[in-house]
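So the chains spell out like this:
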Amino acid sequence: MLKLAVIGKDVSKSDSARMHTFDMKGLGHECTYDLLSVTAEDFDKTVKKLMSEYDGFNITIPYKLDILPYLKKVEGDAEIFGAVNTVKDGIGYNTDGIGFSLMLENNGIEVNGKKVLVLGAGGAGRSVVGKLTESGAEVFLYDLRKENAEKVCSEFKGATALGEVLPEKYFMIVNVTGVGMHKTEGISPVGAEILEGCEIALDLIYYPRKSEFLRIAESLGKPIVNGEGMLFYQAYYADCIFLGRKPQASEAKKLFEEYLHSQKREER
């Protein structure tokens, strides 16, 4: 049985344990999966414990960059995006980007040649910008610290940093800030005047299921997508890394459909 975990500032309401154990069972394996909420002060001690006592672990907000000095090396998308969400044997990987791409595909969202506004230039924001530009989107990135947005945009052709967010026409607006969950629940990073200009609103937040950002967009008649699909898909790709098996997009989609059905059964 594999011993796994996720580390973040506050993962108390995370669905990661449920998703990873569901995935593993579907792939013919068993695992334990711990949710570890840690402060910045305890990060060093906790990472060292994870490295020595666990078969692998995931990293979430806000530690996807902080983990880098602890790693032997990074591979794949982690090398491209400079952010890590999965660690096995001291090697860092990033499954956020591929999880995001599969979520877009599964929702029939085609971004090639379209303007997309991304809010938030942290580790997940970097992955999202990377995949959007890779797919041919014209990306505009805003972060409260403009230098963070500029750094990300300097790495990806087709991305432009914004100093402020003004009402514009966008195909899609993506919230990657984390504003709207935990202590900021009920708050949106932008208001109706900004969301009015988009065709689709997408939030990487999955708890609450409908963030204030998505609630405002829906009230304006916009199609909305929350981050549950991305979370599941990135978990699936991480589990394939933990198991040393080749991932398949069709298998990921099938497992997600089964997962959603199991959730509905539990709610009855």
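Note that the coordinates shown come from a computational prediction; the quantities given were computed from them, not determined experimentally.

Conventions we followed
Residues numbered from 1 in each chain as written. Predicted model: local features only at pLDDT ≥ 70, side-chain atom pairs only at ≥ 80, totals over all residues. Heavy atoms only, no water. Helix = DSSP H or I, 4+ residues; strand = E, 2+ residues; numbered from the N terminus. Rg over C-alpha atoms; globule rule 2.2 N^0.38 Å. Buried < 20%, exposed > 50% of the residue type's maximum accessible area, 1.4 Å probe, protein only. Contact = heavy atoms within 4.5 Å. 1 Å grid on protein atoms, 1.4 Å probe; cavity = no way out; pocket = protein on both sides within 12 Å on 5 of 7 lines; lining within 4 Å. Points joined across faces, edges and corners; volume = space filled by probe spheres on them. Salt bridge = Lys/Arg side-chain N within 4 Å of Asp/Glu carboxyl O. Pairing = 2+ DSSP bridges. Axes fitted to C-alpha atoms, helices over the stretch in contact; angles between N-to-C directions.

### Points about the overall build of the protein chain
1) Next: Secondary structure summary: the protein chain contains 10 helices and 12 strands in total.
2) Next: A compact globule built from 268 residues should have a C-alpha radius of gyration of about 18 Å, and the protein chain, at 18 Å, falls within 12% of that.
3) Next: Its C-alpha atoms give the protein chain principal-axis dimensions of roughly 50 × 45 × 35 Å.
4) Next: Counting only residues that meet the buried cut, the protein chain has 52% of its 268 residues in that class.
5) Next: Sequence-distant contacts, at least 24 apart, represent 63% of the contacts inside the protein chain between residues at least 6 apart.

### Some remarks on the layout of surface pockets
Sizing a probe to match a water molecule and rolling it over the atoms shows the empty space that remains.
1) Next: Its boundaries defined by the atoms lining it, the second largest pocket holds a volume of some 200 Å³.
2) Next: The element best represented in the lining of the second largest pocket is helix α9 (residues 228–243), accounting for three residues.

### Let's talk about the pattern of salt bridges
1) Next: A full pass over the atoms with the stated rule returns 18 salt bridges.
2) Next: For E150, the salt bridge identified is with K146, shortest N-O distance 3.7 Å. Here K146 and E150 lie together in helix α6 (residues 146–155), a separation of four residues that amounts to about one turn.
3) Next: Exposure remark for K146: the relative accessible area of 36% places this residue in the partly exposed category.
4) Next: Among the ionic pairs, K222 bridges to E196, the shortest N-O distance being 4.0 Å. Placement of the pair is K222 in the loop between α8 (212–219) and β12 (224–225) and E196 in the loop between α7 (192–195) and β11 (198–203), with a sequence separation of 26 residues.
5) Next: One salt-bridge network, in which partners are shared between bridges, spans D15, R209 and E228.

### So, the sheet that holds strand β5 (residues 86–88)
Pairing between the strands of a sheet comes from backbone hydrogen bonds, and it takes one of two forms, parallel or antiparallel.
1) Next: Across the sheet, six strands lie side by side as β2-β1-β3-β5-β6-β4; this open sheet has mixed pairing. Every other strand in the sheet has two partners, leaving β2 (31–37) and β4 (73–74) as the edge strands with one partner each.
2) Next: In this structure, strand β1 (residues 2–8) lies alongside β2, joined through seven bridges in parallel fashion. Bridged to L4 within β2 is Y33.
3) Next: On top of the sheet, helix α1 (residues 16–26) reaches β1, β2 and β3 (56–59); it is set at about 165 degrees to β2, its chief contact.
4) Next: Its contacts with the sheet place helix α2 (residues 43–53) against β1, β2, β3 and β5, and it is angled at close to 165 degrees to β1.

In short, the description is geometric, and any link to function would need to be established separately.
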